[in-house]
There are 2 protein chains.
Amino acid sequence: MFDLGRIAIVLVETSSPGNLGSVARVMKNMGLKRLILVDCQADLTEETRQRARGAHDLLEKAVRTNGLASALKSFHLSVATGSRPARWFERSLRPREMAAELKALTPGDQVAIVFGPERTGLTNEHLQYCHWQVKIPTAPAFPSLNLAHAVAILAYELSQGLSESPSKEGRELAELGQIEAFSQDLEECLKEIQFLKKQNPREIMMTLRQMLARAALDDRDIRILRGILRQWKWYSRANTHPGRDGG
Amino acid sequence: MFDLGRIAIVLVETSSPGNLGSVARVMKNMGLKRLILVDCQADLTEETRQRARGAHDLLEKAVRTNGLASALKSFHLSVATGSRPARWFERSLRPREMAAELKALTPGDQVAIVFGPERTGLTNEHLQYCHWQVKIPTAPAFPSLNLAHAVAILAYELSQGLSESPSKEGRELAELGQIEAFSQDLEECLKEIQFLKKQNPREIMMTLRQMLARAALDDRDIRILRGILRQWKWYSRANTHPGRDGG
């Protein structure tokens, strides 16, 4: 199985204390643990702590380096984030393609995903150390993603499909016999209130049966629906009884 | 082609000015434009503006409402974000499944994606207005996503593969406002026959609302259901009238 422990998030010259916290939080949400801060320009402030919300440990354990080259020394592959022309790179991928490619790597390969400074993104100087590029598709008129949002989307893609098959915890549907019994009760009531007289009764009942089918009723639903009809009959008899209503 | 203009992001009782800005920014990055603020607890501050980074227009154009019900009136489908047990919902989906399902809806259907307050998420009160649920998979030990990160991930999934062709030819669903009006009529009738006295009324109504949501009602369905209640009221009055029943 693919192991997220092989992936490190590398932040280059991050300048916003809030972004540091925010990145740590979403990394921890998505099961990523390795954070490397290259030439970090931001202090760990109160805002960092607030935005990290319980993921401050990732920041405390983060590896700090001077220069991207030394940060990447022990990795087998580095992926630049951003939107430089693709010709700079061996491969230019969308997030989902990147996730699929990384999962196909040899187990044991260490992968760095590299994020540039907030204002400029990765410079040419940085890019010479990156093999692949990943581009998050955005609206052309407003392409600049927040650093933590970019991490969130890539971390989400990487964590996808790791444990596959979540199994929809399914509801147990009621037996068809129960639904049919309710439909018949309902039909009887609708005749009694003279609803089915007015219009095409068969067509109306068919439409109601289709609604019930789509509603995917379980046992409790059916009990409630039958309870309503029972109560309605009780109420209807109680209130039409001459002894009570007699003028 | 699928049109992101059909999707609104609905933020319920957001309390952080920074989150407002952050959500606006990533919405604009991903091509989403419709923002609805329900009972917003946050002012638009300098921090909002900084975090919005050029997407402040989305906040200025945001629709503000009191109460989730009125926010959702003109929508055909609402999707709750969070991680409640799946049995509460017609469908519980992963982000990618949700995106695929939404793209298969009838063109013209309006969809609301609903995000709860930062601290609590959506409450039971809110959930009764939601049909589907979308769960963003997270590390079990650290599941609480930042609001803007959740928006980022879902907006990213929605904006993915937009040019892929949809679409099942579907039924045109009734507007939520119509379904809500029927639910209220129904509740009134159930009170009258004293059904709602006996058991937990809120829970019963929630279950009935969920059945209605699952039934994917169209305009004709709603007309029939409302017709039944109208006819029942007529019948009920006619038969309890002393002049007719007098003994």
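Here is a short report on the structure shown in this document. Keep in mind that this is a model prediction, so the values were computed, not measured.

## Things to note about the overall build of chain A
Part 1 of the reasoning: When its secondary structure is counted, chain A shows 12 helices and 7 strands.
Part 2 of the reasoning: In terms of overall dimensions, chain A has C-alpha extents of about 95 × 40 × 40 Å along its principal axes.
Part 3 of the reasoning: A buried classification covers 50% of the 247 residues belonging to chain A.
Part 4 of the reasoning: As presented, chain A carries roughly 12,300 Å² of accessible surface, and 49% of it is formed by carbon and sulfur atoms.
Part 5 of the reasoning: Across chain A, 34 positive and 29 negative side-chain charges occur, with their mean positions spaced 3 Å apart.

## Quick word on helix H10 (residues 201-214) of chain A
Residues and elements named next belong to chain A.
Part 1 of the reasoning: A rise of 1.5 Å per residue sets the reference length of H10, with its 14 residues, at 20 Å; its end C-alpha atoms lie 20 Å apart and thus fit the reference within 8%.
Part 2 of the reasoning: Among all positions in H10, only Ile-204, Met-205, Thr-207, Leu-208, Met-211 and Leu-212 are buried. Down the axis of H10, the buried set is contained in an arc of 160 degrees. They therefore lie on one face. Away from the buried face of H10 by more than 90 degrees, exposed residues Arg-202 and Ala-213 are located.
Part 3 of the reasoning: Looking at where H10 begins, the residue whose side-chain oxygen comes 3.3 Å from the main-chain nitrogen of Arg-202 is Asn-200.
Part 4 of the reasoning: Of the residues trailing H10, Ala-216 is marked for its positive phi of about 45 degrees.

## Details of the pattern of salt bridges
Part 1 of the reasoning: On inspection of all chains with the given rule, the structure shows 23 salt bridges over all chains.
Part 2 of the reasoning: Taken together, the salt bridges that share partners define one network made up of Arg96(A), Glu157(A), Arg96(B) and Glu157(B).

## What to know about the packing of helix H8 (residues 176-192) of chain B against helix H10 (residues 201-214) of chain B
Packed helices, taken two at a time, are described by their axes: the angle between them and the distance between them.
Residue and element names in this part refer to chain B.
Part 1 of the reasoning: The geometry of H8 relative to H10 is characterised by a closest axis approach of 11 Å and an angle of 140 degrees between their N-to-C directions. In terms of orientation, H8 lies oblique with respect to H10. Read as a crossing pair, H8 and H10 show a hand that is right-handed. Where H8 abuts H10, its residues Ile-179, Glu-180, Phe-182, Ser-183, Gln-184, Leu-186, Glu-187 and Leu-190 lie against Met-205, Leu-208, Arg-209 and Leu-212.
Part 2 of the reasoning: Its residues assigned to classes, the contact of H8 with H10 shows 7 nonpolar, 2 polar and 3 charged.

## A closer look at the sheet that holds strand S6 (residues 111-115) of chain B
All names here are of chain B.
Part 1 of the reasoning: Spatial ordering of the open sheet is given by S3-S2-S1-S6-S4-S7-S5, a layout of 7 strands whose pairing is parallel. The sheet is open, and its two edges are formed by strand S3 (63-65) and strand S5 (91-93), each paired on a single side. Going across the sheet, the axis of each strand differs from the next one's by a mean of 25 degrees, ignoring polarity.
Part 2 of the reasoning: The pairing of strand S4 (residues 77-81) with strand S7 (residues 132-134) spans 3 bridges and is classified as parallel. Across the sheet, the residue bridging to Thr-81 is Val-134, located in S7.

## Thoughts on the packing of aromatic side chains
Aromatic ring pairs are defined here through the distance separating the ring centres and the angle between the ring planes.
Part 1 of the reasoning: Inspection of every chain in the model, using the stated rule, returns 2 aromatic pairs over all chains.
Part 2 of the reasoning: Plain terms: the ring middles of Trp232(A) and Tyr235(B) are 6.4 Å apart, the flat faces sit at 45 degrees to each other, and that makes the pair tilted. Pair noted here: Trp232(A) is in helix H11 (residues 219-240) and Tyr235(B) is in helix H11 (residues 219-240), and the two residues belong to different chains. Note on accessibility: Trp232(A) and Tyr235(B) belong to one class, buried.

## Examining the interface of chain B and chain A
Part 1 of the reasoning: Listed per partner, the contact involves 71 residues of chain B and 68 residues of chain A.
Part 2 of the reasoning: Between chain B and chain A, a total of about 6,000 Å² is buried, with carbon and sulfur atoms accounting for 58% of that surface.
Part 3 of the reasoning: Inspection of the chain B/chain A interface yields 5 salt bridges.
Part 4 of the reasoning: For Arg96(B), the salt bridge identified is with Glu157(A), shortest N-O distance 2.8 Å.
Part 5 of the reasoning: If you look at where chain B meets chain A, you find 28 residue pairs in polar contact (both at pLDDT 80 or more).

## Digging into H8(B)
Part 1 of the reasoning: Across its 17 residues, H8(B) extends 24 Å between first and last C-alpha, which sits within 8% of the 24 Å expected from 1.5 Å per residue.
Part 2 of the reasoning: Residues Leu176(B), Ile179(B), Glu180(B), Phe182(B), Ser183(B), Asp185(B), Leu186(B), Cys189(B) and Leu190(B) constitute the buried set of H8(B).

## As for the environment of Glu175(B)
Residue and element names in this part refer to chain B.
Part 1 of the reasoning: As for its position among the elements, Glu-175 is in the loop between helix H7 (147-159) and H8.
Part 2 of the reasoning: In this structure, the C-alpha to C-alpha distance between Glu-175 and Ile-36, residues 139 residues apart in sequence, is 17 Å.
Part 3 of the reasoning: With residues near it in sequence (within four places) discarded, Glu-175 still touches Lys-73, Ser-74, Phe-75 and His-76.

## Points about the sheet that holds strand S7 (residues 132-134) of chain A
Residues and elements named next belong to chain A.
Part 1 of the reasoning: The strand order S3-S2-S1-S6-S4-S7-S5 describes an open sheet built from 7 strands, whose pairing is parallel. Edge strands, defined here as strands with exactly one partner in the open sheet, are strand S3 (63-65) and strand S5 (91-93). Strand-to-strand twist of the sheet, defined as the mean angle between neighbouring strand axes without regard to direction, takes the value 25 degrees.
Part 2 of the reasoning: Direction of pairing for strand S4 (residues 77-81) relative to strand S6 (residues 111-115): parallel, over a ladder of 4 bridges. Bridge pairing links Ser-78 to Ala-112 in S6.
Part 3 of the reasoning: Set on the sheet, helix H1 (residues 17-29) makes contact with strand S1 (7-12) and strand S2 (34-38); between it and S2 the angle comes to about 160 degrees.
Part 4 of the reasoning: Sitting on the sheet, helix H5 (residues 95-103) touches S1, S4, S5, S6 and S7, and the angle it makes with S5 is about 120 degrees.

## As for the pairing of S1(A)
Residues and elements named next belong to chain A.
Part 1 of the reasoning: Of all 6 residues that make up S1, 6 are buried, and the element is covered over most of its length.
Part 2 of the reasoning: Where S1 meets S6, 5 bridges bridge the pair, whose relative direction is parallel. Directly across from Val-10, in S6, lies its bridge partner Val-114.
Part 3 of the reasoning: By the bridge criterion, 5 bridges tie S1 to S2 in an arrangement that is parallel. Bridge assignment links Val-10 to a residue of S2, and that residue is Ile-36.
Part 4 of the reasoning: Following the backbone out of S1, through H1 and into the adjacent parallel S2, one traces a crossover that is right-handed.

Definitions and cut-offs
Residues numbered from 1 in each chain as written. Chains lettered and ligands numbered in written order. Predicted model: local features only at pLDDT ≥ 70, side-chain atom pairs only at ≥ 80, totals over all residues. Heavy atoms only, no water. Helix = DSSP H or I, 4+ residues; strand = E, 2+ residues; numbered from the N terminus. Buried < 20%, exposed > 50% of the residue type's maximum accessible area, 1.4 Å probe, protein only. Areas by Shrake-Rupley, 256 points an atom, 1.4 Å probe, with all protein chains shown as cover. Lys, Arg positive; Asp, Glu negative; His and termini not counted. Charge placed at Lys NZ, Arg CZ, Asp CG, Glu CD. Expected span 1.5 Å × (residues − 1). Arc of directions from axis to C-beta. Polar contact = N/O pair within 3.5 Å; in protein donor to acceptor, adjacent residues only side chain to side chain. Salt bridge = Lys/Arg side-chain N within 4 Å of Asp/Glu carboxyl O. Axes fitted to C-alpha atoms, helices over the stretch in contact; angles between N-to-C directions. Parallel < 35°, antiparallel > 145°, perpendicular 65-115°, else oblique. Left-handed = near helix turned anticlockwise from the far one by under 90°. Contact = heavy atoms within 4.5 Å. Nonpolar A, V, L, I, M, F, W, Y, C, P; charged D, E, K, R; others polar. Pairing = 2+ DSSP bridges. Phe/Tyr/Trp six-rings, centres within 6.5 Å; stacked < 30°, edge-to-face > 60°. Buried area = accessible area lost by both parts, 1.4 Å probe. Right-handed = clockwise from strand over helix to strand, strands pointing away.

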